[in-house]
Amino acid sequence: MTAYLSDFMDIKPEWIDYNGHLNMAYYGVLFDQGVDQAFLELGLGPDYRDGTGHTTYSAEFHIRYLRELHLGDRVRASFQILDAGPKAFHFVQELIHKDGWTAATGEGISLHIDQSGPKVAAYPADIKSKLDAMTAAHADLPVPEYIGKPMAIRR
């Protein structure tokens, strides 16, 4: 089993900063867009939100910038669930350049939200079942060494 991989995404000209590379804010955009298909497979897309009044919010997301991206580069986003509870899941992503190298990593916590509050709420059984199945499918994948590590200055 491999982690879920999105389709390739292009770097847009308006995302390039004055240093000539992808502005840091757009790494987050790429991670977010790169997870859309996986969320649809989990049943957590716009139809779910519109039909149930429930959605997902990001509680926390850490990005590690490893290599610069430039205009003309194409990347895919991986998505791997590390753990899933009754109201949230922990995941990791990588932005993988078309040439195979990793440009950035992301680690996050996604919350299930009842928008009537809004408040954190338990997943319905069908969504929890899909989360559990994907978590089980990803269970044999290696957990990256940087998961859960605090930021610090290297000495």
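Located above this text is the structure these notes cover.
What you see is a predicted model, and the numbers here were worked out from it, not measured in a lab.

### Structural notes on the environment of D83
Stage number 1. Residue position: D83 is located in strand β4 (residues 74-84).
Stage number 2. Look at D83 and you get partly exposed, because its relative accessible area is 47%.
Stage number 3. Setting aside residues up to four positions removed in sequence, D83 forms contacts with F89, H90 and T135.

### Regarding the pairing of strand β6 (residues 102-114)
Side-chain direction in a regular strand flips from residue to residue, so the side chains alternate between the two faces of the sheet.
Stage number 1. Counting buried positions along β6 yields 10 of 13 residues, so the element is predominantly enclosed.
Stage number 2. When strand β3 (residues 54-65) meets β6, the two strands line up antiparallel, connected through 11 bridges. Across the sheet, F61 pairs through a bridge with G108, a residue of β6.
Stage number 3. With 9 bridges connecting them, strand β5 (residues 88-97) and β6 associate as antiparallel partners. Counterpart to E94 in the pairing with β6 is T105.
Stage number 4. Remark: 4 residues form the turn of the hairpin made by β5 and β6, two consecutive strands paired antiparallel; G100 in that turn has positive phi of roughly 100°.
Stage number 5. Across 2 bridges, the pairing between β6 and strand β7 (residues 119-120) is antiparallel. By the bridge assignment for β7, D114 is matched with K119.
Stage number 6. Connecting β6 to the next strand, β7, in antiparallel fashion are 4 residues.

The rules behind these values
- Residues numbered from 1 in each chain as written.
- Predicted model: local features only at pLDDT ≥ 70, side-chain atom pairs only at ≥ 80, totals over all residues.
- Heavy atoms only, no water.
- Helix = DSSP H or I, 4+ residues; strand = E, 2+ residues; numbered from the N terminus.
- Buried < 20%, exposed > 50% of the residue type's maximum accessible area, 1.4 Å probe, protein only.
- Contact = heavy atoms within 4.5 Å.
- Pairing = 2+ DSSP bridges.

Take it as geometry only, folks, not as evidence of what the structure does.
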